[in-house]
Amino acid sequence: EQKRLEFYKDKKAQTKDGVDIEVVGNMGNLNDIAPILEKGGEGVGLFRTEFLYMDRSELPTEEEQFEVYKKAAETMGDRPVVIRTLDVGGDKDLPYLDFPKEMNPFLGYRAIRICLERDDIFKPQLRALLRASAFGNLKIMFPMIATMDELLAAKAKVAEVKAELESEDKDYNKDLEIGMMIEIPAAVMTADQLAKEVDFFSIGTNDLIQYTVAVDRMNEKIAQMHNPYHPAVLRMVKKTIESAHQENIWVGMCGEAAGNELLLPFLLGAGLDEFSMSAVSILKIKELLSQWTISEAAQKAEKVLELKSVDEVKDYLKSIQK
Ligand code: PEP
Ligand code: MG
């Protein structure tokens, strides 16, 4: 199998009928770039920047972050690198920030909620990102957006930082794309409005499933309920894609489900433009994409959306598997 898959390494990800789809990798640190390129990844769809902040005793400086983002941009060249701003809280704690313990950390003070209150955290990261954008094809993505107000506030911070950099005569890419994760049901339900304010969406199924089905993604006892085949989750994915395309923006997926072989015809047929996954899944997904035409997949996706249970969905997806 490995031999067969190697064929797709240097091939563009394309459907059977020749439509380009982007297949990219998820990364947490610079060491993850080599495997993504080795497996034929066409860029990075999610750079989880949390690692820069973990296992240390203080916040990373603007300069430290700049070096890392610049290196990622340079290594990937023209290929896109979507950098997600800090997503801590939930299961990822930063001891040196000394936030109070919470009863429900996944519903608590985390990610963009922290960043919007803490310029000392958010601005150095945005400055580093914008400065690094002069060296490659970077894009910025905000995590855990639940409201329009948060999105607009985050965008206003970017504008503020751009103005600062201009007054300092520092370079950045003026066309830098700004996107957001769709990982909270509230964002799905208002995706038609949010889509008017961003250049792209990326669906984070890990959290989206957790919040949709009310299942803690870390709790092993109920782990079987944290799965992407729930009809509610599939409908959320579909709705997000429709809202994005209505506004002519692209939509990717960077949660685990993007590398799920069974789900591929559904995601392709529902209209997903970009699939971002861990490096090990890339070749297989490229191969599967090459076996489906858009119309064939779209027909199957429509059928999937009529099904009523996880088992029905799974059985159906298995029955159409190539
Ligand atoms: C997600 O929630 O699906 C996601 C990609 O982000 P993380 O797993 O880092 O929360
Ligand atoms: Mg998430």
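Analysis parameters
Residues numbered from 1 in each chain as written. Chains lettered and ligands numbered in written order. Predicted model: local features only at pLDDT ≥ 70, side-chain atom pairs only at ≥ 80, totals over all residues. UniProt positions renumbered as here; feature names shortened; annotations may be inferred. Helix = DSSP H or I, 4+ residues; strand = E, 2+ residues; numbered from the N terminus. Buried ≥ 20, exposed ≤ 12 C-beta atoms within 10 Å, placed from the backbone. Contact = placed C-beta atoms within 7 Å. Expected span 1.5 Å × (residues − 1). Near = placed C-beta within 6 Å. Nonpolar A, V, L, I, M, F, W, Y, C, P; charged D, E, K, R; others polar. Pairing = 2+ DSSP bridges. Axes fitted to C-alpha atoms, helices over the stretch in contact; angles between N-to-C directions. Core = buried A, V, L, I, M, F, W, Y, C linked by C-beta atoms within 7 Å. Left-handed = near helix turned anticlockwise from the far one by under 90°. Parallel < 35°, antiparallel > 145°, perpendicular 65-115°, else oblique.

Caption draft 1: Inspection of the UniProt feature "binding site: Mg(2+)" (unreviewed entry) in the protein at higher detail. The UniProt record marks Glu183 and Asp207 with the feature "binding site: Mg(2+)" (unreviewed entry), using the residue numbering of this structure. What stands out for the annotated residues spanning 25 residues is how close their C-alpha atoms remain, the widest pair being 5.4 Å apart. In this fold, glutamate 183 is placed in the loop between β5 (177–182) and α7 (185–189). Take glutamate 183: there are 26 C-beta atoms within 10 Å of it, and that puts it in the buried class. Discounting residues that sit within four places of it in the chain, glutamate 183 has contacts with Met144, Gly204, Asp207 and Leu208. Mapped onto the elements of the fold, aspartate 207 is located in helix α9 (residues 205–213). A residue is classified by how many C-beta atoms lie within 10 Å of it, and aspartate 207, with 21 of them, is buried.

Caption draft 2: Structural detail: helix α5 (residues 119–132). Counted at 1.5 Å a residue, the expected span for α5 with its 14 residues is 20 Å, and the 19 Å between its end C-alpha atoms agrees. Of all the 14 residues making up α5, ten are buried; the element is thus mostly covered by neighbouring parts of the structure. Where α5 is concerned, the buried positions are Ile121, Phe122, Gln125, Leu126, Arg127, Ala128, Leu129, Leu130, Arg131 and Ala132. Tucked into the core, α5 has its buried residues touching α3 (62–76), β3 (80–84), α4 (112–115), β4 (137–142) and α6 (148–167).

Caption draft 3: Quick look at the site of ligand 1. Contacts to ligand 1 come from Leu46, Arg48, Asp87, Glu183, Gly204, Thr205, Asn206, Asp207, Cys254 and Gly255. Listing elements by their share of the shell around ligand 1, those giving two or more residues are β2 (44–48) and α9. The element best represented in the shell around ligand 1 is α9, accounting for three residues. Taken together, the residues that form the shell around ligand 1 break down as two nonpolar, four polar and four charged.

Caption draft 4: Fine view of the environment of methionine 54. Considering the arrangement of structural elements, one finds methionine 54 in the loop between β2 and α3. A count of 13 C-beta atoms within 10 Å places methionine 54 in the partly exposed class. Residues methionine 54 and isoleucine 209, 155 residues apart in the sequence, show an inter-C-alpha distance of 25 Å.

Caption draft 5: Examining the sheet that holds strand β6 (residues 200–203) more closely. Spatial ordering of the closed barrel is given by β1-β2-β3-β4-β5-β6-β7-β8, a layout of eight strands whose pairing is parallel. Strand after strand, the sheet turns through a mean of 25 degrees between neighbouring axes, direction not considered. Taken together, the three bridges between β2 and β3 define a ladder with parallel strand orientation. Looking at β3, one finds that phenylalanine 47 is bridged to isoleucine 83.

Caption draft 6: Spotlight on the nonpolar core. Ranked by internal contacts, the top residues of the largest apolar core, which has 93 residues, are Val44, Tyr69, Val81, Ile83, Leu129, Met180 and Phe201. Broken down by element, the residue count for this core peaks at seven residues, all from α5.

Caption draft 7: Structural view of the packing of α5 against α6. Direction vectors running N to C along α5 and α6 enclose 60 degrees, while the axes themselves pass 10 Å from each other. Between α5 and α6 lies a crossing whose hand is right-handed. Residue-level inspection shows Phe122, Lys123, Leu126, Arg127, Leu130 and Arg131 of α5 in contact with α6, the latter providing Lys157, Val158, Val161, Lys162 and Leu165.

Caption draft 8: Fine view of the packing of α9 against helix α10 (residues 231–246). It is at 10 Å that the axes of α9 and α10 come closest, and there the two elements cross at 125 degrees. It follows that α9 is oblique to α10 by the angle criterion. Seen along the crossing, α9 lies across α10 with a hand that is right-handed. Between α9 and α10, the contacting residues are Leu208, Ile209 and Thr212 on the first element and Ala232, Val233 and Met236 on the second. Here the contact of α9 with α10 is built from residues that sort into five nonpolar, one polar and no charged.

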